[in-house]
Amino acid sequence: MPFNHNDRYHPRLVRLVPPGARTALDVGCGSGRFARRLAAHGLDVEGIDPSAEMIGIATATGSPGPGTVTYRHEDVTTAELPQRRYDVITCLASLHHVPFETVTRLRTALAPGGVLAVLGLATPSTAADHATWLGAAPVNVAARLLVHVGERLNGGADDEPRAPVRDWIMSMADVRTEAARLLPGSTVRTLLFWRYLLSYRSV
Ligand SMILES: C[S@@+](CC[C@H](N)C(=O)[O-])C[C@H]1O[C@@H](n2cnc3c(N)ncnc32)[C@H](O)[C@@H]1O
């Protein structure tokens, strides 16, 4: 598996899980890597994705436990989401596949004290955004090289089919404006590898 910018942020996302959390929804779960990681932390996770191929891979891979993972072959914009249910809702590189307003459905599905965490993609707006993402280029080259060497030493990597991807249309300024409007109190941070982290805690 080549250096994966989304997976690189799994530990940071796991740190956002509130203490005592039991239930999670991973939106656009793809092959289920992050859903399984949450289950490994003891959460009962639902992964939702409209790609039959991805849900097939995720289901076949199973769950490491101790939490459970259930996969839903559905579109998050039309799926029935129970209100005030999930302690954690995550979107890893998936929110730009749907209208940003979808966060209001996710906000409603959060249990009191629950956290919505979005690892998102958007075009840089400010000088600071540009500077951060410019700095990613050399680190990215070094990381890819290290991963490549590691894989060669380990006899090669297993190739997994890629999850569907889509170009993004929002800028970081759009994300900040819409997050402030739809998720008051949320924070948006620019991350190194051409990503942002939006986090919101339900009251
Ligand atoms: C770039 S992939 C990211 C997959 C996974 N989160 C990861 O980090 O590897 C985006 C995922 O969003 C899913 N997706 C696209 N439209 C969606 C929708 N309407 N509802 C839920 N997921 C969607 C795609 O099928 C794809 O698996």
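Residues numbered from 1 in each chain as written. Predicted model: local features only at pLDDT ≥ 70, side-chain atom pairs only at ≥ 80, totals over all residues. Heavy atoms only, no water.

The protein carries the name Class I SAM-dependent methyltransferase in an unreviewed UniProt entry, which gives Prauserella cavernicola as its organism.

(A) Region of the structure containing the pairing of strand S7 (residues 195–201). Counting buried positions over the seven residues of S7 gives six, a clear majority of the element. For strand S5 (residues 110–120) and S7, the ladder comprises six bridges, and the chain directions are antiparallel. By the bridge assignment for S7, Leu119 is matched with Leu197. Inspection of the sheet shows strand S6 (residues 187–191) paired to S7 by five bridges, in the antiparallel sense. (Buried < 20%, exposed > 50% of the residue type's maximum accessible area, 1.4 Å probe, protein only. Helix = DSSP H or I, 4+ residues; strand = E, 2+ residues; numbered from the N terminus. Pairing = 2+ DSSP bridges.)

(B) Quick peek at the pattern of salt bridges. Tallied over the entire structure, the rule returns six salt bridges. Among the salt bridges present, the one from Asp129 reaches Arg176, with a minimum N-O distance of 2.8 Å. You can see Asp129 sitting in helix H5 (residues 127–153) and its partner Arg176 sitting in helix H6 (residues 172–182), a full 47 residues away along the chain. The partly exposed category is assigned to Arg176, whose relative accessible area is 28%. Notably, a salt bridge pairs Glu178 with Arg181, separated by 2.7 Å at the nearest N-O pair. With Glu178 and Arg181 both in helix H6, this residue pair falls three residues apart, about one helical turn. (Salt bridge = Lys/Arg side-chain N within 4 Å of Asp/Glu carboxyl O.)

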